[in-house]
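Structure assessment
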Amino acid sequence: MFWTVRDALVRDKWRAIPMTLGAVCLTSVFQIVQNTSWGFQPVQGLGSVKAVDPFWLALLRTPLSLFVPALDLPVWGALAQMLLVFGIAEICIGWWRTLVIGYVATLAGTTYARIGVALGPEHPFGLPVSDRIVNDTGPSAAVVGLAIYLCWRYRAYLTGALVILAMIGEVLIKNNLAGKEHLAAIAAVMAVCVVRAQWGPVRSRVPVGQGPPP
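Thresholds, definitions, all that
Residues numbered from 1 in each chain as written. Predicted model: local features only at pLDDT ≥ 70, side-chain atom pairs only at ≥ 80, totals over all residues. Heavy atoms only, no water. Helix = DSSP H or I, 4+ residues; strand = E, 2+ residues; numbered from the N terminus. Rg over C-alpha atoms; globule rule 2.2 N^0.38 Å. Salt bridge = Lys/Arg side-chain N within 4 Å of Asp/Glu carboxyl O. Buried < 20%, exposed > 50% of the residue type's maximum accessible area, 1.4 Å probe, protein only. Core = buried A, V, L, I, M, F, W, Y, C linked by side-chain atoms within 4.5 Å. Contact = heavy atoms within 4.5 Å. pLDDT = per-residue confidence, 0-100. Lys, Arg positive; Asp, Glu negative; His and termini not counted. Axes fitted to C-alpha atoms, helices over the stretch in contact; angles between N-to-C directions. Parallel < 35°, antiparallel > 145°, perpendicular 65-115°, else oblique. Left-handed = near helix turned anticlockwise from the far one by under 90°. Nonpolar A, V, L, I, M, F, W, Y, C, P; charged D, E, K, R; others polar. Phe/Tyr/Trp six-rings, centres within 6.5 Å; stacked < 30°, edge-to-face > 60°.

1. Remarks on the overall build of the protein
Summing up its helical and strand segments, the protein has 9 helices and 0 strands in all. Taken from the N to the C terminus, the helices and strands of the protein come in the order α-α-α-α-α-α-α-α-α. A compact globule built from 214 residues should have a C-alpha radius of gyration of about 17 Å, and the protein, at 17 Å, falls within 12% of that. Overall, the protein is about 50 × 40 × 30 Å in size when its C-alpha atoms are taken along their principal axes.

Right under this line is the structure:
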């Protein structure tokens, strides 16, 4: 993976990651606008997702919710995650696969929020009723999902296991909606990996020491 990314950046420089740069710029614009007196409500109307919302509305807002920074986290963290993980993914698997995997992970988290609230706080996988109004935006679920997919694609199983353990540790330390959504994103992307391994193209994974398949 290192050599794949290095060769692409040396050859094409920033032209190697146009989608990633666009995503970072869009996230920056949303951050600036939602912190103005006039821009908060429009941004929330376009990209804010809550478990209390009708599911059809959440589906409409999910594509942009990925680029709306979470209100309770520093925006530089979201931008750094996107630049690093989205950039690596765009080089290694292409821009459209990066978006598909990112949206699968994000949608898995959004769907889990509704299931968790329905299960209730007494269930091991449940959530408190108060989480139904939590603003559920940002790229973190997509970032985690992409990390897992890349680790599977390049057979970096140890790194993938460390990512999973880190997300489990996050839930154990801070049992909140975001942490459990990250686990839901991991589960969804792992299911994609299983499907790809069983029924996908023969060359769906990259042999150790080689670049990505054409």
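2. Brief notes about the pattern of salt bridges
Using the criterion set out here, one finds 3 salt bridges in the structure. Two residues, Arg61 and Asp53, come together in a salt bridge whose shortest N-O distance is 3.6 Å. There is no split in this pair, since Arg61 and Asp53 are both buried.

3. Describing the nonpolar core
Grouped together as the largest cluster of nonpolar side chains are 38 residues, with contacts concentrated most on Met82, Phe86, Ile93, Leu146, Tyr149 and Val189. Every element with two or more residues in this core is listed here: helix 1 (2-12), helix 2 (18-34), helix 5 (75-93), helix 6 (95-119), helix 7 (140-153) and helix 9 (177-199). The dominant element in this core, judged by the number of residues it contributes, is helix 7, at 9 residues. Setting aside its immediate chain neighbours within four residues, Met82 contacts Thr20, Ala23, Val24, Thr27, Leu66, Phe67, Gly87 and Pro139.

4. Some remarks on the confidence of the model for the protein
Here the protein shows a mean pLDDT of 90. Residues at 70 or above account for 93%. The element-level mean pLDDT for the protein is lowest in helix 1, coming to 89, with helix 7 highest at 96.

5. Digging into the side chain of Asp136
Summarising the element assignment, Asp136 is placed in the loop between helix 6 and helix 7. Buried and unpaired, Asp136 has no salt bridge, with Arg114 as the nearest side chain of opposite charge at 6.4 Å. What Asp136 contacts, discounting residues up to four positions off in sequence, is Val49, Ser65, Thr110 and Glu181.

6. As for the packing of helix 2 against helix 5
Relative orientation of the contacting elements helix 2 and helix 5 amounts to 165°, with a least axis distance of 8 Å. Looking at the two axes, helix 2 sits roughly antiparallel to helix 5. In the packing of helix 2 onto helix 5, the handedness of the crossing is right-handed. Facing Pro18, Met19, Thr20, Leu21, Ala23, Val24, Thr27, Ser28 and Gln31 of helix 2, the residues of helix 5 in contact are Val75, Leu79, Met82, Leu83, Phe86, Gly87 and Glu90. A class-by-class count of the residues in the contact of helix 2 with helix 5 yields 10 nonpolar, 5 polar and 1 charged.

7. Observations concerning the packing of aromatic side chains
Tallied over the full model, the rule gives 2 aromatic pairs. Measuring from ring centre to ring centre gives 5.5 Å for Tyr149 and Trp152, while their planes differ by 50°; the resulting arrangement is tilted. Taken together, the residues Tyr149 and Trp152, both in helix 7 and 3 residues apart, mark about one turn of the helix. Among the residues examined, Tyr149 registers a relative accessible area of 3% and is labelled buried.

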